[in-house]
Structure formats: C-alpha cells, structure tokens
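Architecture and fold: a report
Spelled out, the chains give:
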Amino acid sequence: MKVITILKFLMILVLPFILFLLVLNFVGFDNQFYQEKFSEYGVQQNVPEAVPLHEKVLNFITGKNDKPPQEFNEREKQHLFDVRKAVRISTILLYILIILFVLLLIVSSFILKVNNYITNFVGKVLVFGGFLTVIMAVALFLLINSDFSKTFESFHSLLFEKGTYTFDPAKEMIVKLYPEQLFMDLGLKISKWVILASAIIILLGTFLILKSKSKKNKKRGK
C-alpha cells in the first residue's frame, strides 16, 4: 500500500500544474480578452494598429508564423523569441504532465484491480489535487492584488534573462501595446478560471468518493 500512497501523492502534485497550464493556454491566447483590454485602456490611441499587430504577435509566439512582427525593434523581437520559447516549453511540459498523470493512473489501476477501489482512489486524487490547486490559485490572486509589480518582476526573472524584458515606453512599442495593467487583469482572470476548474474537479472527485461508498454499502447490505 505504500506504493499506492506514493502514486496518489504524485498525482495530487501533478494535477495543479496541469490545470494551471491548461487555463494558461485557454485564457492567455484568448484574442477577445486582449481586444477588450485594448479598448478599456485606450491602447489604440498609442498604437492605432493594436489589434492586427497583436494577432501577428500571437501567430508568432504560438508558432503559426516564423517571423516576428517587423513593427518592433530588435530588442522587442528578441523578447518575442524568448516568449515563443517559453510557450513551447510550457506546451511540451503540459503534454508530459498529462501523459505522466495517465501513466500513474494506469499503474494505480493495475495495483488496485478492484473497480470500486479505483473509483475511490481517483476521487481522492481529484479532491485533494483540486484543493491544492485552489490554494495555489488563491495565493497567486492575493500576490497579484497586493503587489503586482513585484510579482510580475519575479515571474519574468524566472523565465527570462535580467534586462531582456524591460522596455522604455517612450521609445518601444511593446509596452504601449501591452500595458502592465493588462497583464494584471490576465493574471487575475487565470486565477479565477483555475479556481473554477478546481471546484469542478473537487465536485467530480466528491461524486466518485460517494459513489464508491454507496457501492460498498450495497455490498454490505447483501
């Protein structure tokens, strides 16, 4: 049973990262969100071609286009290359984590064998993994609300080399196109969506646990 405990622990740890990366891919590349924020913050007053330029940026960092938009200078283009690399790594990581989760589930199923035990096992993984994800998402939400600039800087320093992600608003277009407030709203939206996804996962896990207990009670009644 120690093996099962380890497998359960690993799956609970993996689940939050899968949920965060899934939501990041869903929300982070939502063109409608950026269009709304461009309008809200008056981005088009400084960058008249904000919407088509943003579409070029998205096409580049998601790999649909191999050349960065020519409207940016060399430093801005290099940052877009760095972002593109980070997006690729996050996508590969997401696939690896999903495969790992499925493999751990298959191994657990072989060890448990009894269908009712598997249902209970998966239910507990979803409930505990969901609660862990909620804690992480709430922590991110609070960090963003308390001191976004510091959180934003810390996030960038983890992914990019120092000095490659700071730009002059007076000379460089990328900070006019993507004001800091936009990223704050994006971070808050990601946190909220992760919490919502986690709540659904927790409800599903609770349902599976109750279902397994109901089957046990029926067997005992016989």
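The shown structure was predicted, so the numbers you read here are calculated from the model rather than taken from an experiment.

Concerning the nonpolar core
The biggest cluster of nonpolar side chains holds 26 residues, and the ones touching the most others in it are Y34, F38, V57, F72, L80, L177 and Y178. Those elements that place two or more of their residues in this core are α1 (2-28), α2 (31-40), α4 (50-61), α8 (174-177) and α9 (180-221). Here this core gets seven residues from one element, more than from any other, and that element is α4. Once you skip the residues sitting within four places of it in the chain, F72 turns out to touch L53, V57, K77, L80, M173, I174 and L177. Counting 21 residues, the second largest nonpolar core, distinct from the first, contains I12, L15, L104 and V125.

Some details on the pattern of salt bridges
The final tally for this structure, using the stated rule, is eight salt bridges. K56 is the salt-bridge partner of E71, the closest N and O atoms lying 2.8 Å from each other. Of this pair, E71 sits in the loop between α4 and α5 (74-112) while K56 sits in helix α4; the two residues are 15 residues apart in sequence, bridging distant segments of the chain. Assessed through its relative accessible area of 37%, E71 is described here as partly exposed. A salt bridge links E153 to K162; the nearest nitrogen and oxygen atoms lie 4.0 Å apart. Looking at E153, the relative accessible area reads 32%, which means it is partly exposed. Linked by salt bridges that have partners in common, K37, E40 and D185 make up one network.

Overview of the packing of aromatic side chains
In the structure shown here, the tally under the stated rule is nine aromatic pairs. Considering the side-chain rings of F60 and F81, the 5.0 Å spacing of their centres and the 90 degrees angle between planes classify their relative orientation as edge-to-face. Within this pair, whereas F60 is found in helix α4, its partner F81 is found in helix α5, the two being separated by 21 residues in sequence. Relative accessible area serves as the criterion here: at 0%, F60 is assigned to the buried category. For F81, a relative accessible area of 38% gives the class partly exposed.

Quick look at the environment of L142
Looking at the secondary structure, you find L142 in helix α6 (residues 115-146). Judged by relative accessible area, which is 52%, L142 ranks as exposed. For the pair L142 and S191, spaced 49 residues apart in sequence, the C-alpha to C-alpha distance is 9.6 Å.

Criteria and thresholds
Residues numbered from 1 in each chain as written. Predicted model: local features only at pLDDT ≥ 70, side-chain atom pairs only at ≥ 80, totals over all residues. Heavy atoms only, no water. Core = buried A, V, L, I, M, F, W, Y, C linked by side-chain atoms within 4.5 Å. Buried < 20%, exposed > 50% of the residue type's maximum accessible area, 1.4 Å probe, protein only. Helix = DSSP H or I, 4+ residues; strand = E, 2+ residues; numbered from the N terminus. Contact = heavy atoms within 4.5 Å. Salt bridge = Lys/Arg side-chain N within 4 Å of Asp/Glu carboxyl O. Phe/Tyr/Trp six-rings, centres within 6.5 Å; stacked < 30°, edge-to-face > 60°.

So yeah, pure geometry; function would need other evidence.
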